[in-house]
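For reference, the chains in residue letters:
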Amino acid sequence: MRAKVFTGIVILMLSLPVFVWAAGHGDDRPFKKGILLVTFGTSIPEAQISFKNIDTKVKETFKGVDVRWAYTSAIIRHKLAKENRENLDSVAMALAKMMDEGFTYVVIQSLHTIRGEEYDDLVNTANAFKHIPNGFKGVVVGNPLLSSQEDIERVAKAIISAIPEKRKKKEAVVLMGHGTPHPANAFYAALMFNLQQMDPNIFIGTVEGSPGIDDIKKMLKGKKIKKVYLMPFMSVAGDHARNDMAGNEADSWKSILTESGIKCNVVLKGTAENDKMVAIWIDHLKAADSHFNKCPHKK
Ligand code: CO
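First, a word on what this report is: a plain description of the structure on this page. These numbers were taken from a predicted model, which means no experiment stands behind them.

This structure, assessed with the given rule, holds six aromatic pairs. Measuring from ring centre to ring centre gives 5.1 Å for Phe31 and Tyr105, while their planes differ by 40°; the resulting arrangement is tilted. Of this pair, Phe31 sits in the loop between strand E1 (18-21) and strand E2 (33-39) while Tyr105 sits in strand E4 (residues 105-110), placing them 74 residues apart in sequence. On the accessibility criterion, Phe31 (29% relative accessible area) is partly exposed. Taken together, the ring pairs connect Phe31, Tyr105 and Phe292 into an aromatic cluster.

Right, dumping it as structure tokens:
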């Protein structure tokens, strides 16, 4: 099992930031660079704290560079627009606007946790933009949070630093990841393996992938755990964290574990509220940005 997980990880790690060169012959437009931060999005106002934190840190790191946002979730964008709360762009809309405004280089940073389906879609959209005449001279996509063994170890340490101090070692910490049928789902198991080397009572389950809450419950029961801290392992403490993890419905993780005799303490904080975690995304953004230094068309 471990061998399989690690073979999977090695294959995944071969993927580097995706860089797209665009044709630039005879093009003397001035150098204008922008950053586009891309997330699934959230419609929960309290969860916005995560995005505000990233926005501030990115602007501190890249002073004077225009920073834009795009939400990949059409449902969330339409909901926010319908309720007159915000008009957010999709990736394609945000890139089209930047192109129209004369940006020549765009560093896109994925704020996803793993390089799953949404990350693949983001790369495909970025690639599509290189074929537009008189468009961008360069577009680069920065890696999501978990993209290498080094990331896994940094993320594990960041998670441990966010565990409430009052938690005792015999009490467990159960993280809720999103999960996906995409092969990148293997990152959750790899991260759990690394976490448990440091602290054997930390577990990661997922809402939509494997391992699920039933698998986690079995592991907790096997170790006779009586109390857990439930924490989201998603950038925002949004709908999944508030309902599927901490909600009062019978099928929430809190209800399932409580029902089986395990006490639950809920921590409603997204990973993007954790500065150690944000530092990893920022390092990926810096790595992506550094590709432009090699750019032959850069002015
Ligand atoms: Co979901």
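To continue, consider the nonpolar core. With 71 residues, the main nonpolar core has Leu191, Leu220, Val228 and Phe233 as its most contacted residues. The element that contributes the greatest number of residues to this core is helix H11 (residues 275-290), accounting for seven residues. Setting aside residues up to four positions removed in sequence, Val228 forms contacts with Ala172, Val174, Leu220, Leu257, Ile262, Lys263, Cys264 and Asn265. In terms of nonpolar packing, the next biggest core, distinct from the first, is built from 19 residues, Ile108, Tyr119, Val123 and Phe129 among them.

The next subject is the coordination of the cobalt ion. Bound to the cobalt ion are the protein donor atoms His178 (NE2) and His240 (NE2), situated 2.1 Å from the metal. Residue His178 is found in the loop between strand E6 (172-177) and helix H7 (186-198), and its partner His240 is found in helix H9 (residues 239-245); the two are separated by 62 residues along the sequence.

A few words on the sheet that holds E6. Sheet strands associate in pairs through backbone hydrogen bonding, adopting either a parallel or an antiparallel arrangement. What the four strands build is an open sheet, ordered E7-E6-E8-E9; its pairing is parallel. Each of the sheet's edge strands pairs with one partner strand only, and the pair in question is strand E7 (202-206) and strand E9 (263-266). Each strand of the sheet is rotated relative to its neighbour by a mean of 30°, with strand direction disregarded. As judged from the five bridges shared by E6 and strand E8 (residues 227-232), these two strands associate in the parallel manner. Considered in E8, the bridge of Val173 is made with Tyr229. Across the face of the sheet, helix H8 (residues 213-222) comes into contact with E6, E7 and E8 while running at roughly 160° to E7.

A few words on helix H4 (residues 91-100). By the burial criterion, the buried members of H4 are Val91, Ala94, Leu95, Met98 and Met99. Each buried residue of H4 lies within a common arc of 135° when the element is viewed along its axis, so the set occupies one face. In this fold, the buried residues of H4 make contact with E2, strand E3 (66-71), E4 and helix H5 (117-128). Following H4 by one or two positions, Gly102 adopts a phi angle in the positive range, close to 90°.

Another point: the pattern of salt bridges. Within the structure shown, the criterion is met by 13 salt bridges. For the salt bridge of Glu83 with Lys79, the shortest nitrogen-to-oxygen distance reads 3.9 Å. A salt bridge links Arg167 to Asp199; its shortest N-O distance comes to 2.6 Å. On the criterion of sequence distance, the pair formed by Arg167 in the loop between helix H6 (149-161) and E6 and Asp199 in the loop between H7 and E7 is long-range, its members being 32 residues apart. As far as the burial class goes, Arg167 and Asp199 line up, both buried. By sharing partners, the salt bridges in this structure join Asp66, Arg68 and Glu101 into a single network.

So, on to the environment of Ile159. Among the structural elements, Ile159 can be located in helix H6. Overall, the relative accessible area of 3% leaves Ile159 in the buried class. In this structure, the C-alpha to C-alpha distance between Ile159 and Met231, residues 72 residues apart in sequence, is 9.5 Å. Each residue touching Ile159, except ones within four places of it in the same chain, is listed here: Leu175, Leu191, Leu195, Phe233, Asn274 and Met277.

Before going further, it helps to examine the packing of H6 against H11. Describing two packed helices takes the angle between their axes plus the distance from one axis to the other. Running from amino to carboxyl end, H6 crosses H11 at an angle of 155°, the nearest separation of the two axes being 8 Å. Put simply, H6 runs roughly antiparallel to H11. For the pair H6 and H11, contact is made by Asp151, Arg154, Val155, Ala158, Ile159 and Ser161 and by Lys276, Met277, Ala279, Ile280, Asp283 and His284, respectively. Along the lines of polarity and charge, the residues of the contact of H6 with H11 split into six nonpolar, two polar and four charged.

Looking now at the packing of helix H2 (residues 48-61) against H11. The geometry of H2 relative to H11 is characterised by a closest axis approach of 10 Å and an angle of 45° between their N-to-C directions. Relative to H11, the element H2 is oriented oblique. Considering only the axes of H2 and H11, their crossing is right-handed. Of the residues in H11, those in contact with Asn53, Ile54, Lys57, Val58 and Thr61 of H2 are Asp275, Val278, Trp281, Ile282, Leu285 and Lys286. For the contact of H2 with H11, a count of residues per class yields six nonpolar, two polar and three charged.

Thresholds applied
- The written sequence of each chain sets the order in which its residues are numbered from 1.
- Where totals are concerned, whole chains, interfaces and linings use all residues; where local detail is concerned, this predicted model gives features only for residues with pLDDT of at least 70, and gives and counts side-chain atom pairs only at 80 or more.
- Values shown for side chains rest on all heavy atoms present in the structure; no hydrogens or waters enter the calculation.
- Aromatic pairing here means that ring centres of Phe, Tyr or Trp (its six-membered ring) are within 6.5 Å. Orientation follows from the plane angle: under 30 degrees is stacked, over 60 is edge-to-face, and everything else is tilted.
- Helix and strand labels come from DSSP, where a helix needs a run of H or I of at least four residues and a strand needs a run of E of at least two; each type is numbered from the N terminus.
- When accessible area is computed with a 1.4 Å probe and restricted to protein chains, residues below 20% of their type maximum are described as buried, those above 50% as exposed, and intermediate ones as partly exposed.
- To define a nonpolar core, start from buried Ala, Val, Leu, Ile, Met, Phe, Trp, Tyr and Cys residues and group those joined through side-chain atoms within 4.5 Å.
- What makes two residues a contact is simply this: any of their non-hydrogen atoms within 4.5 Å.
- Sodium, potassium and calcium take a 3.2 Å donor cutoff, other metals 2.8 Å, and in both cases only N, O and S atoms count; water is not among them, so sites may look incomplete.
- Note: two strands are recorded as paired if DSSP finds a minimum of 2 bridges between them.
- Orientation is described by axes fitted as lines to C-alpha atoms, over the contacting stretch for helices, and by angles from 0 to 180 degrees between their N-to-C directions.
- By construction, the arc corresponds to the directions joining the helix axis to the C-beta atoms.
- A carboxyl oxygen of Asp or Glu within 4 Å of a side-chain nitrogen of Lys or Arg is what we treat as a salt bridge.
- Oblique is the label for every angle not falling under 35 degrees (roughly parallel), over 145 degrees (roughly antiparallel), or within 65 to 115 degrees (roughly perpendicular).
- Put simply, Ala, Val, Leu, Ile, Met, Phe, Trp, Tyr, Cys and Pro go in the nonpolar bin, Asp, Glu, Lys and Arg in the charged bin, and everything else, Gly too, in the polar bin.
- We call a crossing left-handed when the near helix sits turned anticlockwise from the far one by less than a right angle, and right-handed when that turn is clockwise.

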